[in-house]
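# Chains, contacts and geometry: an overview
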Amino acid sequence: MYKERTMPIATPEVYNEMLDRAKAGKFAYPAINVTSTQTLHAALRGFAEAESDGIVQISTGGAEFLGGQYSKDMVTGSVALAEFAHIVAEKYPVTVALHTDHCPKDKLDGYVRPLIAVSEERVARGENPLFQSHMWDGSAETLADNLSIAQELLVRAAAAKIILEVEITPTGGEEDGVSHEINDSLYTTVDDAIRTAEALGLGEKGRYLLAASFGNVHGVYKPGNVVLRPDLLKELNEGVAARFGKESPFDFVFHGGSGSTEEEIRTALENGVVKMNIDTDTQYAFTRPVAAHMFQNYDGVLKIDGEVGNKKTYDPRTWGKLAEASMAARVVEACGNLRSAGTKIK
């Protein structure tokens, strides 16, 4: 157990410890998607207020946005925010890991592979990797092709002290232009899990997180439209354990978690989920008070009928503080739902 928190951004050793503690304690870390320095601060503030360590992640779309709309360079955007996080996280009494979210095959060369190269260079200099984990989303490929690419990435990730996340079967809905229909293909089979273990090992080739599908859907959906089966994760673990003799072999990730019931989340935690992605709900939490501010102060934020408006109401700092506080509160709620509140590494 790590008694002292020596760095705000998790070292490879501390990140492994975080995941081990989550699995043993049957809780999960909220993985909060961020798209700006402001949403980063909101995530860090939420973790600090909940006394929970956590994960901050950047999707390809988020990285493109961070890169600026002139060049839309994903690597520049994500590296810049990661470097910023290494500095500002010092002011928060929690430990966070930096992660990149969904990256499909056509964006690997423009996103994940260059970022792994950045960390390879850092590790060669005796430093820690810039990001602690990266996700390869091969769910649109055949499982054979998916796992072949995962093998290549796992070798590089392990050498750079990075944990790889893999998605072996589709998550429904749409995220950053990648979409899947909501149908029976959204459920990973035991055979899929066994093939994954055969290709990637069970830790001896490098640690990886597994985004298995149990009916998950990205985005917003009403209850009843999607049938989640978090009990399926237990079947996958037991099926692989029976084949390879390793109890509870997988570290699972819960994708498409926005709108899930507390019971569904609880079942997922009991069955090995250590990371849960949260994006849609925090996006709304960030935007909602901004919308309210604009409606309530429309004559101040707009120059109507030749008037000059009210600088104090259209100043981005005014409504930005409201957005940060609201998103942070949603992160605190997530920490409570995932049982990570109060578990920070001391």
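The structure under discussion appears in the preceding block.
Nothing here was measured: the structure is a model prediction, and the numbers come from that model. (Residues numbered from 1 in each chain as written. Predicted model: local features only at pLDDT ≥ 70, side-chain atom pairs only at ≥ 80, totals over all residues. Heavy atoms only, no water.)

## A short note on the pattern of salt bridges
Any two side chains of opposite charge can pair if their charged atoms end up close together. What the rule picks out here adds up to 18 salt bridges. As a salt-bridge pair, R122 and E83 come within 3.8 Å of each other at their nearest N and O atoms. Of this pair, R122 sits in helix α5 (residues 112–124) while E83 is found in helix α4 (residues 74–88), placing the two residues 39 residues apart along the sequence. The buried category is assigned to R122, whose relative accessible area is 13%. (Salt bridge = Lys/Arg side-chain N within 4 Å of Asp/Glu carboxyl O. Helix = DSSP H or I, 4+ residues; strand = E, 2+ residues; numbered from the N terminus. Buried < 20%, exposed > 50% of the residue type's maximum accessible area, 1.4 Å probe, protein only.)

## A few points about helix α1 (residues 12–25)
Compared with an ideal rise of 1.5 Å per residue, which puts 14 residues at 20 Å, α1 spans 20 Å between its outermost C-alpha atoms and is within 8% of the ideal. Burial in α1 covers these residues: P12, V14, Y15, E17, M18, L19, R21 and A22. Note on α1: the residue one or two positions beyond its end, K26, has a positive phi of about 55°. (Expected span 1.5 Å × (residues − 1).)

## Description of the packing of aromatic side chains
A full pass over the atoms with the stated rule returns 3 aromatic pairs. The interplanar angle of 70° and the centroid separation of 4.9 Å between the aromatic rings of F214 and F254 together place this pair among those described as edge-to-face. In this pair, F214 is assigned in the loop between β8 (208–211) and α8 (232–244) and F254 in strand β9 (residues 252–254), connecting sequence segments 40 residues apart. Each member of the pair, F214 together with F254, is buried. (Phe/Tyr/Trp six-rings, centres within 6.5 Å; stacked < 30°, edge-to-face > 60°.)

## Considering the layout of surface pockets
The computed volume of the second largest pocket comes to approximately 200 Å³. Along the walls of the second largest pocket sit K23, K26, K234, N237, E238, A241, E247, S248, L269, E270, N271 and G272, which together make up its complete lining. Put simply, the parts of the chain that give the lining of the second largest pocket at least two residues each are α8 and α9 (262–270). Per-element tally for the lining of the second largest pocket: the top contributor is α8, with 4 residues. Residues of the lining of the second largest pocket, tallied by class, amount to 2 nonpolar, 4 polar and 6 charged. (1 Å grid on protein atoms, 1.4 Å probe; cavity = no way out; pocket = protein on both sides within 12 Å on 5 of 7 lines; lining within 4 Å. Points joined across faces, edges and corners; volume = space filled by probe spheres on them. Nonpolar A, V, L, I, M, F, W, Y, C, P; charged D, E, K, R; others polar.)

## A short note on unusual backbone geometry
Phi is positive for K26, which is not a glycine, with a value near 55°. Inspection of the secondary structure assignment puts K26 in the loop between α1 and β1 (29–33). What makes K26 partly exposed here is its relative accessible area of 34%. Despite not being glycine, S248 has its phi angle at roughly 45°, a positive value. One can find S248 in the loop between α8 and β9. A relative accessible area of 33% means that S248 is categorised as partly exposed.

## Here we look at the packing of helix α6 (residues 143–159) against helix α7 (residues 190–200)
For the pair α6 and α7, interaxial distance at closest approach is 10 Å and the crossing angle is 35°. Our pair here, α6 against α7, has a crossing hand that is right-handed. Each of L143, A144, L147, A150, Q151 and L154 in α6 lies in contact with α7, whose residues at this interface are D192, R195, T196, A199 and L200. (Axes fitted to C-alpha atoms, helices over the stretch in contact; angles between N-to-C directions. Left-handed = near helix turned anticlockwise from the far one by under 90°. Contact = heavy atoms within 4.5 Å.)

## Quick notes on the pairing of β1
Most of β1 is tucked away: 5 of the 5 residues are buried. Along β1, one buried face is formed by Y29, A31 and N33 and the opposite face, lined by P30 and I32, is buried too. In terms of strand pairing, β1 meets strand β10 (residues 273–278) through 4 bridges, oriented parallel. Each bridged residue has a counterpart across the sheet, and for I32 the counterpart in β10 is I278. Alignment of β1 against strand β2 (residues 54–58), held across 3 bridges, turns out to be parallel. Bridging from a neighbouring strand, A31 pairs with I55 of β2. Assessed by its sense of winding, the connection that carries the chain from β1 through helix α2 (residues 37–50) to β2 is right-handed. (Pairing = 2+ DSSP bridges. Right-handed = clockwise from strand over helix to strand, strands pointing away.)

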